[in-house]
Amino acid sequence: MRPTEFLKSQCQSNWDAATAHAFTDALCDGTLDLDKMRGYLQQDYLFVEEFVRLLAAAISNAPSLTDAVPAAQFLAVITGPENTYFQRSLAALDAPEAEAAAPQTQAFLIQMRDARLTGKYEEMLAVLVVAEWTYLSWAAPQEKRAAGLPFYFGEWITLHAGPGFEGVVEYLRGQLDAIWPSLSDTAQTAATQRFFDTVQLERAFFDAAWAGFEVAR
Ligand SMILES: Cc1ncc(CN)c(N)n1
């Protein structure tokens with residue numbers, strides 16, 4: 001079994017909770033309360049800033065140019081179409097950017113910053129794999145529904161589905177799978193903990209979004 005598949009299997013209940021969530025079900029149905037979407041977008045846009053730093057750190061720690069290029073191309077998607085998605089969606093929903101991070105956002109920001117500051121490629125990858133693979137898991141089965149939805153719902157699905165995004169997740173998993181056998185026990189334990197904690201953070205973020213983040217006006 002691939003190391004990333006094994007890691008997922010060891011936190012299956014949190015994984016399932018994060019990837020079959022009432023929040024994303026309602027988003028894909030087009031029935032999600034717009035204030036819940038406003039709060040989610042405001043908090044997730046705060047998430048993106050630290051995510052960009054983490055991905056940039058992974059690029060700089062990749063073992064070769066060949067290993068770095070797919071992440072660099074993904075960074076261009078995050079800072080291009082995904083960034084403008086947030087700006088266009090917040091404008092369409094008449095919501096400003098948030099200034100304050102909710103506790104669940106703050107916990108995620110700390111996780112990403114800590115993984116980056118370890119300087120350990122495997123710990124960065126553990127966070128990145130979870131962040132992108134969980135999103136692929138809920139979005140891919142819903143891809144066909146996106147076209148019939150307002151863009152702020154539909155584009156959030158298509159940004160996380162389709163061959164391009166599947167390739168991103170396969171690449172990130174492949175990077176972690178490839179280095180896993182060469183890691184010391186200590187390094188594997190630390191990366192495993194990052195993986196498990198990040199799944200928990202994804203679940204908590206959707207739980208908070210479903211309960212409703214406070215909306216900045
Ligand atoms: C919290 C969170 N996790 C993951 C993703 C997917 N990029 C996201 N936008 N936000």
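Bear in mind that the values here come from a model prediction, so they are computed numbers and not experimental data.

1. Examining the packing of helix 6 (residues 103-118) against helix 7 (residues 121-139)
Part 1 of the argument: The interhelical angle for the contact between helix 6 and helix 7, taken along N-to-C directions, is 155°, at an axis separation of 7 Å. Looking at the two axes, helix 6 sits roughly antiparallel to helix 7. The element helix 6 and its partner helix 7 pack so that their crossing is left-handed. Counted together, Gln111, Met112, Ala115, Arg116 and Thr118 of helix 6 and Glu123, Met124 and Val127 of helix 7 form the full contact between these two elements.
Part 2 of the argument: Class assignment for the residues of the contact of helix 6 with helix 7 results in four nonpolar, two polar and two charged.

2. Focus on the site of the ligand
Part 1 of the argument: Inspection of the region around the ligand gives Asp44, Phe47, Phe108, Ala131, Glu132, Tyr135, Trp156, His160, Glu202 and Phe205 as its neighbouring residues.
Part 2 of the argument: Take Asp44: an N or O atom from its side chain is 2.6 Å from a nitrogen atom of the ligand.
Part 3 of the argument: Contact between the ligand and Glu132: a nitrogen atom at 3.0 Å from a side-chain N or O atom of the residue.
Part 4 of the argument: Among the elements of the structure, helix 4 (34-61), helix 7 and helix 10 (185-211) are those that each provide at least two residues to the shell around the ligand.
Part 5 of the argument: Considering every element that reaches the shell around the ligand, the biggest residue donor is helix 7, with three residues.
Part 6 of the argument: By residue class, the composition of the shell around the ligand is six nonpolar, one polar and three charged.

3. Remarks on the UniProt feature "domain: Thiaminase-2/PQQC" (unreviewed entry) in the protein
Part 1 of the argument: In the numbering used here, UniProt assigns the feature "domain: Thiaminase-2/PQQC" (unreviewed entry) to residues 10-210.
Part 2 of the argument: A helix fraction of 79% and a strand fraction of 0% characterise residues 10-210, whose end C-alpha atoms lie 25 Å from each other.

4. Some remarks on the environment of Gly162
Part 1 of the argument: You can see Gly162 is positioned in helix 9 (residues 162-179).
Part 2 of the argument: Note on Gly162: relative accessible area 4%, which makes it buried.

5. Points about the UniProt feature "active site" (unreviewed entry) in the protein
Part 1 of the argument: As annotated by UniProt and renumbered to match this structure, "active site" (unreviewed entry) occupies Glu202.
Part 2 of the argument: Note that Glu202 resides in helix 10.
Part 3 of the argument: Glu202 gets classed as buried once you look at its relative accessible area, which sits at 3%.
Part 4 of the argument: Apart from the residues lying within four places of it in its own chain, the contact partners of Glu202 are Ala18, Phe108, Val130, Ala131, Thr134 and Tyr135.

6. A word on the pattern of salt bridges
Part 1 of the argument: Under the criterion given, the structure shown has 13 salt bridges.
Part 2 of the argument: Between Asp177 and Arg2 there is a salt bridge, with its nearest N and O atoms 2.7 Å apart. Of the two residues, Asp177 is situated in helix 9 and Arg2 in the segment before helix 1 (3-9); the sequence distance between them amounts to 175 residues.
Part 3 of the argument: In this structure, Asp29 and Arg145 form a salt bridge, with 2.5 Å as the shortest nitrogen-oxygen distance. In this pair, Asp29 is assigned in helix 3 (residues 22-29) and Arg145 in the loop between helix 7 and helix 8 (151-158), connecting sequence segments 116 residues apart.
Part 4 of the argument: The partly exposed category is assigned to Asp29, whose relative accessible area is 42%.
Part 5 of the argument: Via salt bridges that share partners, Glu49, Glu50, Arg53 and Arg116 belong to a single interconnected network.

7. Remarks on the side chain of Gln142
Part 1 of the argument: Residue position: Gln142 is located in the loop between helix 7 and helix 8.
Part 2 of the argument: Separated by 2.7 Å, the side chains of Gln142 and Arg145 make a polar contact.
Part 3 of the argument: Contact partners of Gln142, with chain neighbours within four places excluded, come to Cys28 and Ile157.

8. A closer look at the side chain of Lys8
Part 1 of the argument: Among the structural elements, Lys8 can be located in helix 1.
Part 2 of the argument: Setting aside chain neighbours within four positions, we find Lys8 in contact with Trp15, Trp133 and Phe195.

9. Topic: helix 6
Part 1 of the argument: The end-to-end C-alpha distance of helix 6, which contains 16 residues, comes to 22 Å, matching closely the 22 Å that a straight helix rising 1.5 Å per residue would cover.
Part 2 of the argument: When helix 6 is considered as a whole, its buried residues turn out to be Thr105, Phe108, Leu109, Gln111, Met112 and Ala115. The arc that holds every buried residue of helix 6, seen down its axis, measures 160°, which confines them to one face. Turned more than 90 degrees off the buried face of helix 6, the exposed positions are Pro103 and Leu117.
Part 3 of the argument: In this fold, the buried residues of helix 6 make contact with helix 4, helix 7 and helix 10.
Part 4 of the argument: Of the residues trailing helix 6, Gly119 is marked for its positive phi of about 75°.

The rules behind each value
Residue positions within a chain follow its written sequence, with the count starting from 1. Selection of residues for local features in this predicted model requires a pLDDT of at least 70, selection of side-chain atom pairs for listing and counting requires 80 or more, and totals for whole chains, interfaces and linings are taken over all residues. Where side-chain values are given, they derive from all heavy atoms of the structure, hydrogens and water being excluded. Note on geometry: axes are C-alpha line fits, over the in-contact stretch for helices, and angles between N-to-C directions span 0 to 180 degrees. Strands here mean DSSP runs of E at least two residues long; helices mean DSSP runs of H or I at least four residues long; both are numbered from the N terminus. Roughly parallel means an angle under 35 degrees; roughly antiparallel means over 145; roughly perpendicular covers 65 to 115; every other angle is labelled oblique. The sense of a crossing depends on the near helix, which, turned anticlockwise from the far helix by less than a right angle, makes the crossing left-handed and, turned clockwise, makes it right-handed. Contacts are residue-level and defined by heavy atoms, with any inter-residue pair within 4.5 Å sufficient. Classes in brief: Ala, Val, Leu, Ile, Met, Phe, Trp, Tyr, Cys and Pro nonpolar; Asp, Glu, Lys and Arg charged; the others, Gly included, polar. Proximity is defined per residue: if any heavy atom of the residue lies within 4 Å of a molecule or strand, that residue is considered near it. Polar contact is defined as a pair of N or O atoms within 3.5 Å, subject to the rule that within protein one atom must be able to donate a hydrogen and the other to accept it, and that residues adjacent in sequence are counted only when both atoms are side-chain atoms. UniProt positions are given in the numbering used here, feature names are shortened, and annotations may be inferred rather than shown by experiment. Between buried and exposed lies partly exposed: a residue is buried under 20% and exposed over 50% of the maximum accessible area for its type, with that area taken using a 1.4 Å probe on protein chains only. Throughout this description, the term salt bridge denotes a Lys or Arg side-chain nitrogen within 4 Å of a carboxyl oxygen of Asp or Glu. Multiplying 1.5 Å by the helix residue count minus one yields the expected span of that helix. This arc is taken over the directions from the axis of the helix to the C-beta atoms.

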